Amino acid sequence: MKHYLAVNDIDDLNQWVEEAKLLKANSVALKNLGKDKTICLLFFNNSLRTRLSTQKAAINLGMNVMVMNFGSEGWQLEFGDGEIMNQGKSEHIKEAAKVVSQFCDIVAIRAFASLADKEKDEAEIVLKGFTKHASIPVINMESSVEHPLQALADAITIAEQNNKTKPKIVLSWAPHPKALPHAVANSFVKMMQLQDAHFVITHPKGYELNPQITKNVSIEYNQEKACENADFIYVKNWSSYTDYGKVLHKDTKWMMTKKKLGKAKFMHCLPVRRNVVVADDVLDSNQSLVIEQANNRTFAAQLVLKKILEKL
Ligand code: CP
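Residues numbered from 1 in each chain as written. Predicted model: local features only at pLDDT ≥ 70, side-chain atom pairs only at ≥ 80, totals over all residues. Heavy atoms only, no water.

1. Overview of the sheet that holds strand β9 (residues 218-219)
Here is the rule: Note: two strands are recorded as paired if DSSP finds a minimum of 2 bridges between them. Helix and strand assignments follow DSSP, with helices taken as H or I runs no shorter than four residues and strands as E runs no shorter than two, numbered in order from the N terminus.
Read from one edge to the other, the open sheet built from five strands follows the order β9-β8-β7-β10-β11, with strand pairing classed as parallel. Only two strands of the sheet have a single partner each, and these edge strands are β9 and β11 (265-267). Relative to strand β8 (residues 198-202), strand β7 (residues 168-173) runs parallel, the two being bridged by five bridges. Residue pairing across strands places V170 opposite V200, the latter belonging to β8.

Structure, rendered in structure tokens:
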């Protein structure tokens, strides 16, 4: 594997999860694998978990880490070919990606969807620009369309907690005051298609995800019915995909409650808005896996880095 850009880059999920569990059991066992290698983390958007867990993963493998908040500290990048750069953008991706490639051995990028222009977001110009013009491996730390490190951590968490051959796993939309991207939901749906599970998505009408991603997945518009007898309920807000980037309504009835959760385990990628997305008594209960999901971000990143370092 050269790059880790999407859930589709996972060739054998079961084997990846088993390997991640081994890394978790002894996180510094491979502390010489990344010796004298450097990773550069470029953030075009904010982060807590992704930033710290990817740093921690690299440190566990003995790597050097450089972090840059590119969105606020870097030059504004131009991505178009043949542009006359006489406006606000100072540097072209062609030079920026090549320059970054000289300073490090792996580059990881976070660049969210704008939610203003579907076509542009789906072109993933930042992630794909670096992948095209850098000469080093690229890792996706959440792009417009995918968050594959989060989805891998989620798969590890489910594997650790699951005691059924085919668990019922529900992805439920939840209300949120702001328009949020689709990346986490997209990658979770893709991950569930690699998993032996009875998988159901529930959301209000109008919040259908990209039908190319949800094809063959069952969608239930009645949230309570969808959640019945679930083993895991993954809650996440996303804005409308068809009416791109819009918040259609803030139906508070879709907040996850103890009653709807039943005996299921609660999952969320974090950060989460308490008593908007999910009730306090769910998050504070021992049914919540959110802290363990965040912990597993380290081992998801460590596994991806291991696989890339082994090929360098
Ligand atoms: N879940 C996640 O990616 O968290 P951060 O946005 O804090 O990195």
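Having seen it, we continue.
2. Quick look at the packing of aromatic side chains
Filter applied, for reference: Only the six-membered ring of Trp is used, alongside the rings of Phe and Tyr, when aromatic pairs are assigned; centres must lie within 6.5 Å, and planes under 30 degrees apart are stacked while those over 60 apart are edge-to-face, with the rest tilted. For the exposure calls, accessible area comes from a 1.4 Å probe over protein chains only, and a residue counts as buried if that area is under 20% of its type's maximum, exposed if over 50%, partly exposed in between.
Counting across every chain of the model gives eight aromatic pairs. Consider the rings of W173 and W254, whose centres lie 6.0 Å apart with planes at 80°: the pair is edge-to-face. With W173 in strand β7 and W254 in the loop between β10 (232-236) and α11 (258-261), this residue pair connects regions lying 81 residues apart in the sequence. Just as W173 is buried, W254 falls in that class too. For the pair Y241 and Y244, a centre-to-centre distance of 6.3 Å together with 85° between the ring planes defines the contact as edge-to-face.

3. Remarks on unusual backbone geometry
Backbone torsion omega between L270 and P271 reads 0°, so that peptide bond is classified as cis. Locating P271 in the fold gives a position in the loop between β11 and α12 (280-283). Positive phi, close to 65°, is recorded for L115, a residue that is not glycine. The residue L115 is located in the loop between β5 (106-110) and α5 (118-123) in this model.

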